[in-house]
Amino acid sequence: MADVFPLTVGHSLKEILPNRIADIMLVENLAACRTDALRRKAVMRIRDQALPILYKLKRRLPCCEAVHERFVSSFMSESQALVPYRKRHGSQVDGSSRLGKELFDALNDNRPRDGRLADQIFPLTAVYSAMARNRHRQKELHEIGVDQSQVHEQLAKLAEEMQALETRRQTACSKSKPVQLFADLVNSETYHHQLAEFQHYLELWKAEYVSPLLKERRSLMDKLQSTVRPDYSSSSQPKQKQEDEIKRELEELSLRVDQLDISIDSFWSELMELCALQEDDSVISARLPKDCYLDPQLVKQVYTQCVLEGYPMQLLRGNPLQMTACNFMKDILTQLGVDLKNRSNLVVVSVIGAQSSAKSTLLNYLFGCGFATRAGRCTKGLYASYVRISDGRHLLVLDSEGLLSLEGGGHVFDGQITVMAMACSDVVIVNHKGEISSQMKELLEVCLYAMDYLKVADIRPEMMFVLRDQRDRNTKVQRDSLTLMKKMLREAIGSSQKNIDDLVSLRQDAIFLLPSAFSEQKREGRTVEWPSAVFSEETFSLRNKLLLWTREAQSAVQTPDDETAPLVHWYTHACIVWDTLTKYGHTLLHYKALYELRLHKEMNGIVASIVKDAEVTFNTQAAAALKKHTARLQTARDERAVEQYNLEYREELSALRESCQQQLVDTFDERTEAKKYTEDLKREFRYKLTSPVTCVYEFHLYSWHRQLRLVEDRLNIEDLDRSFMIQIDKAVVGSEYQFSMSASKAEEHFDEKWLSFEKQYRKRLEQTRKSPSDIEQEVMKVFRNVLTRHRHDNEILAIVDSSSCMTGLSKATHFVNGSNRTWFDRYLEIKSLRVVQKVTNFLSLTSSDRAAISEDYVIQAVVPEMKKKIQLLLDRLMDKIELQEGKCDTGIVTDIVLAASKEAKGLEHPYLHDVSERLKLRRAPFVNDLYTGLQQVTYQVVNSAQDKHIAEQLLELERKKQRKKRNFLDTVSNEADDLKRAGAFADDWSEKLAFWVSSKVDEFTSQVRDEVLKEMPDPEKGAERAYNSSFGRGNYREVLEYCLDVNAYLKKLFTQMFERRKQSALDSNGHQLRDDVVAMYKMLEEVLDDWRRSSSPPCQLYDFKDFIDKQIKGETRLTDKHSCLMAALANFPLTHNFSIARVEIFCERFKKSMRSLLSVVLETLDAKVAASMNDQRAEVWAKVKGCRATCPLCGSKCSLVKNHHNHECAHHILPAFHGTHQRRTNFPTFKMCRGTEAANSRWIRGDDEPKRNLAEFLQFYEDCRPWKKSIVPPDPTLVHVPEEQIQAWANCKEPLVQHWHLVDNTPEEWKAYESATPLSQGECDEAMLRLREYEDI
């Protein structure tokens, strides 16, 4: 026997295994037989000699793992023979050695009645998993939406549970008996052999309890698979119930299996948690019992040695999966890579594939790893095996959990595992039995799509497709299989506007066909199975091929030996990738295939267009109804009329909403009649139809409530004045009008009445006030609607998680306020030099790329600049909302979100790219935190605007109280003489006339609005005016503005025109408005003088009112005076009919007070006009700006007026003005968009994308598709370029060529159009500065 293993080391497996298998089997038989002590010592000596040879064998031969697994029982460390015995608990399989007996006793003694063995044995791991599940549950609750009433209560409960779990983590530190036994083995000197024996007996113990459960689970899975239907919508209800019941049973059974299916990794995980707890500074060391203390350094040393000897590390563990204890694993990887100088010497190979496709077996054969293998699911999460290659490189092999399993975590989980492997590996092996299934192809499509959007990969991994159990393995079959695979992936990825070569590397020989790993034959009526020699040889060839690939890729990279801890850097990157996938990957990975994604995009486009049209229509109708009923509401004289008007408006608004929603549903059903839109898909999007309309409905309802409150306040003030009048009348005694009420009693009476009124006033004010949670819900709802509408058209918004605001807008800390270190850790990553040199040669790198890009440099220089850019964006956002008086509507939020996505993309490239190619933005967390920050700023501005408005209302109430109290006390105490009464009466009347002044201001500003609408009545006229003002008039500086941003240029023209009309109106008619106001006050003085001359004492105030009424009736024609008298009488204040002893003194004092009040009114008149002008300008611009879409070729603005699905513009310009150029030469494109030459040309958007004819180009891109009908087929009459455009290009080419980085090839005949003073370089920058104030944020 002693000569067997030395021969094995020196010879190939093909030579040794068939001839020597019987001799090797003798070891197993000899180890199990009963012998005397001397014979047993000889056996153990042979075993001890064979063990190190086996480790060498594992490194030398590809299929050594099969030998190791077969004969692992021959190398137990216990000296006594393996004799089974029966334990008192009735176990059918038990340990035979001392260690086995101790392990069986410890496991059986700790088995709880509820079956939760794992939680009992591993308390720290259980707490770790429970905290991860709670975080996952929090995310699910936020995805439900903030509208749910119970969500906040559940979140609060989860927060309490998290706090309790953290406390439990710090106290659950006592080791259970099995863990204590395992810890003792780790501390022993002979841990190598004892850990192997421990693992062997652990598997024996599990066989009795787990195997029956696994058999039952397989039976349930087969039953479930038989009930799964291809189309759920056509299933019957009983079958659905049966399926749900099977799923429930399967879930319960899986929990039982998880609690019993413990492995040696479970024990290592518990020790890792204990070490992390001991090293945690926040945990009081005295709290830990003495028996809980471990030597963390010793544990790490033993674990490192085990990994070096082939033991796999579990990187992803728990439920849900989480990365293994970060600090512990980093220390392990630091020790493993102590002689690893740079990333170029590290090769990471991973495998993905369906469950039970023998992935682990393949890796064991390829690289001599020690991954567990058995039928069913044997790999949970992600394992890594560390191997040193003979050429000095280090190999990290990743074994992932099986995909496409009914018992797995679903397609989102499959996507997360797949993207994790792709983003963290140099080579990804796609292992599949037979031909690649459609499920695997669809999974790869979605994962490549998600990997591109999330930007989690540093390098392009090499893809190798290994097809197992292939009988026909000739070269042609390999080539055809790979060609078919490439074609399927390219078509799928290409349809989503991506290039697969930018994501992964697919070589011409990136496919390998393997035979079955085992051969079988029937002998004497039973099947005999043995490892296949052909499979061993083929795996050996595959290994050489994979290592050759990585050697070729690394030979082109010359990295300096200055990179520290590449393994730790890789692990940090892996943690970042998994964190990104678990937090933000769901938004992209929940699709089962890209075909489903395309259907969602199509459906989202349909819903967006339908909702946009309906939202505009409903908003217009609701605004008209609000205006009409508000005017009626102003005429209400009692609460009954207010209630009637309120009821009528609510009924009309509800009817409009129901009509709009029904129209939405009908239009949606009509446009989604195609069979490809399933009922489940339509049901999902039908729910989203009504949400935007509901937001508009709630906005108008809130505006109506504010108007109601104002009218109710007015009526209550009148009731209060009326009660004061009654009280004053009661206090009057005798003909001399003496008052009997004392001053103290009058003051007490006023305070009592006013307090009652103020309570009602504040109550109504609070009823219209939105609570912080209401504002939060409103803001998040609007943002969610905008996100839903634009998610599929924007690669930045595609990765935004709609539940990204986890703690509430009012409580969350604004991310801009985070420290520079926090920003660096969360949003930035410095890529490995090797990663950069995949694209750029090391010698071409700048000094900053090679050395200066350190953490300190980024934190001190780069992060502050990033913060500054984001803060400027947020400041613009605050200004925009403040200009809208704190209104949060869909239009503003849409502009905000799109501008933020543009800013995020600009930070990624070119800003960070220009700083250093090594600097990478972690797109997913940054974009999601930015999205949350936008919501926070919006919430703050809206909440502050409301608080400011309420504060102003209360301040005005206090001023009104003091004035009325003074007048009332003066009147009751008979201290008010004619002078005081005249002043108080003038104040009351001027206050009432303020409504009349506001109506005159609105009437004046509406004239400006009408004048502007005559010149620019709709978007079509606006687009026409923009073209004529620039190209038509030969105004070349404005031509630049038109080309750079036609929408901003149109807004500039509109603003300038409105300002001109406004100034013209102010110059010509502004004095008339002031004259009308002055005339009203003057007329009151004149009428008062007429009344004074015609009256005789004693007089009363209402005599003056009667005199005005007579004057109105005496007017025979409608004059300005008649209108003023009507307005004066309508606004006559409600006050006590006090007597006037000296009419002349009263009148003089009244006129003096009115003159003083008139000066105040005139001082504020300009501000009222300006505010009203801003409202009119916003209203007109909403009608004029039209569709913001621009031609994808030339950048001209869509000029269609009504709601439309396809875009069209009246004036296409040369694409050269928009920067469109030839790819190789950078020559400007002088082909008219609708010309035949353009239609026959090949177009491309990105350098790496295929060329397409114009029709295909416009059809391919989502944002170009609406332009297709207006551009193709071409117009054969468009042969010559319009002369005004030739002239414009000849005089604008210098700045345009500079701005768009073009190479000038202007036709010689065009140069004749150049003027004496053409524009020079740098003019585009000045044009952009001029347009900046007109850009929509």
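Residues numbered from 1 in each chain as written. Predicted model: local features only at pLDDT ≥ 70, side-chain atom pairs only at ≥ 80, totals over all residues. Heavy atoms only, no water.

## A closer look at the overall build of the protein chain
Phase 1: Counting secondary structure elements, the protein chain contains 44 helices and 18 strands.
Phase 2: Within the span of the protein chain, comprising 1337 residues, buried residues form 52% of the whole.
Phase 3: Considering only contacts within the protein chain whose residues lie at least 6 apart along the sequence, 77% involve residues at least 24 apart.
Phase 4: For the protein chain, the accessible area works out to roughly 62500 Å², and carbon and sulfur atoms hold 49% of it. (Helix = DSSP H or I, 4+ residues; strand = E, 2+ residues; numbered from the N terminus. Buried < 20%, exposed > 50% of the residue type's maximum accessible area, 1.4 Å probe, protein only. Contact = heavy atoms within 4.5 Å. Areas by Shrake-Rupley, 256 points an atom, 1.4 Å probe, with all protein chains shown as cover.)

## Considerations on the pattern of salt bridges
Phase 1: Counted by the stated rule, this structure contains 52 salt bridges.
Phase 2: Residue Glu-273 is joined to Arg-317 by a salt bridge in which the shortest nitrogen-to-oxygen separation is 2.7 Å. Taken together, the residues span a long stretch of sequence, with Glu-273 in helix H12 (residues 264–278) and Arg-317 in strand E1 (residues 313–317) at a distance of 44 residues.
Phase 3: The exposure class assigned to Arg-317 is buried, which follows from its relative accessible area of 3%.
Phase 4: One salt bridge connects Lys-300 with Asp-331, and the closest N-O pair in it is separated by 2.4 Å. In this pair, Lys-300 is assigned in helix H13 (residues 296–308) and Asp-331 in helix H14 (residues 326–336), connecting sequence segments 31 residues apart.
Phase 5: Judged by relative accessible area, Asp-331 falls into the partly exposed class, the value being 31%. (Salt bridge = Lys/Arg side-chain N within 4 Å of Asp/Glu carboxyl O.)

## Structural notes on the nonpolar core
Phase 1: Membership of the largest hydrophobic core comes to 201 residues, with the highest contact counts inside it found for Trp-268, Met-313 and Phe-926.
Phase 2: Counting residues per element, this core draws most heavily on helix H10 (residues 191–227), at 13 residues.
Phase 3: Once residues within four sequence positions are removed from consideration, Met-313 is found in contact with Tyr-303, Val-307, Met-329, Ile-332, Leu-333, Leu-336, Leu-382, Tyr-383, Ala-384 and Leu-396.
Phase 4: If you look at the next biggest cluster of nonpolar residues, it comprises 107 residues, including Leu-1013, Phe-1107, Phe-1257 and Leu-1302. (Core = buried A, V, L, I, M, F, W, Y, C linked by side-chain atoms within 4.5 Å.)

## A few points about helix H15 (residues 359–367)
Phase 1: Burial analysis of H15 places 9 of its 9 residues in the buried class, the great majority of the element.
Phase 2: Buried residues of H15: Lys-359, Ser-360, Thr-361, Leu-362, Leu-363, Asn-364, Tyr-365, Leu-366 and Phe-367, and no others.
Phase 3: Directly beyond the C-terminal end of H15, a positive phi value near 70 degrees is found at Gly-368.

## Remarks on the sheet that holds strand E8 (residues 511–513)
Paired through backbone hydrogen bonds, the strands of a sheet run either parallel or antiparallel to each other.
Phase 1: The strand order across the open sheet formed by 8 strands is E2-E1-E4-E5-E3-E6-E7-E8, and the pairing between neighbours is mixed. Either end of the sheet is taken by a strand with one partner, and the two such strands are strand E2 (322–323) and E8.
Phase 2: Pairing geometry for strand E4 (residues 382–388) and strand E5 (residues 394–400), over 7 bridges, is antiparallel. Each bridged residue has a counterpart across the sheet, and for Tyr-386 the counterpart in E5 is Leu-396.
Phase 3: Of the strands in this sheet, E1, E2, strand E3 (346–353), E4, E5, strand E6 (427–433) and strand E7 (462–468) are in contact with helix H16 (residues 410–423), which crosses E3 at around 160 degrees. (Pairing = 2+ DSSP bridges. Axes fitted to C-alpha atoms, helices over the stretch in contact; angles between N-to-C directions.)

## Points about the confidence of the model for the protein chain
Phase 1: Overall, the predicted model of the protein chain reaches an average pLDDT of 77, with 82% of residues at or above 70.
Phase 2: Counting contacts from residues 1–40, a segment whose pLDDT is below 50, to residues more than four positions away or on other chains yields 45 contacts.
Phase 3: Residue range residues 733–738 is modelled with pLDDT below 50. Its contacts to residues more than four positions away, or to other chains, number 7 contacts. (pLDDT = per-residue confidence, 0-100.)

## Remarks on the pairing of E5
Phase 1: E5 sits mainly inside the fold: 7 of its 7 residues count as buried.
Phase 2: Burial along E5 is two-sided: His-394, Leu-396, Leu-398 and Ser-400 facing one way and Leu-395, Val-397 and Asp-399 facing the other are all buried.
Phase 3: Where E3 meets E5, 6 bridges bridge the pair, whose relative direction is parallel. Within the sheet, the bridge partner assigned to Val-347 lies in E5 and is Leu-395.
Phase 4: In sequence, E4 turns back onto E5 through a hairpin of 5 residues, with Gly-392 there showing a positive phi of about 95 degrees.

## Focus on the side chain of Thr-1055
Phase 1: Inspection of the secondary structure assignment puts Thr-1055 in helix H36 (residues 1046–1094).
Phase 2: Judged by relative accessible area, Thr-1055 falls into the buried class, the value being 16%.
Phase 3: When sequence neighbours within four positions are dropped, the list of residues in contact with Thr-1055 reads Arg-1177 and Tyr-1334.

## What to know about the packing of aromatic side chains
Phase 1: Under the counting rule described, the total for this entry stands at 39 aromatic pairs.
Phase 2: Relative to Phe-267, the ring of Phe-182 lies with its centre 5.3 Å away and its plane at 35 degrees, an arrangement referred to as tilted. Taken together, the positions of Phe-182 in helix H9 (residues 177–187) and Phe-267 in helix H12 put the pair 85 residues apart, joining distant regions of the chain.
Phase 3: Accessibility expressed as a relative area gives 0% for Phe-267, which makes it buried.
Phase 4: Arg-317 extends its terminal NZ or CZ atom over the ring of Tyr-128, reaching a point 4.6 Å from the ring centre.
Phase 5: The cationic tip of Lys-869 hangs over the ring face of Tyr-911; the distance from NZ or CZ to the ring centre is 5.3 Å. (Phe/Tyr/Trp six-rings, centres within 6.5 Å; stacked < 30°, edge-to-face > 60°. Lys NZ or Arg CZ within 6 Å of the ring centre and 35° of its normal.)

## Focus: unusual backbone geometry
Phase 1: For the bond from Val-1272 to Pro-1273, the omega torsion is 0 degrees, close enough to zero to count as cis.
Phase 2: Structurally, Pro-1273 is set in the loop between helix H42 (1268–1271) and helix H43 (1283–1300).
Phase 3: Positive phi, close to 65 degrees, is recorded for Ser-356, a residue that is not glycine.
Phase 4: Take Ser-356: it is sitting in the loop between E3 and H15.
Phase 5: Owing to a relative accessible area of 42%, Ser-356 belongs among the partly exposed residues under this scheme.
Phase 6: For Lys-455, which is not glycine, the phi dihedral falls at a positive 55 degrees.
Phase 7: With respect to the helices, strands and loops of the structure, Lys-455 is situated in the loop between helix H17 (438–454) and E7.

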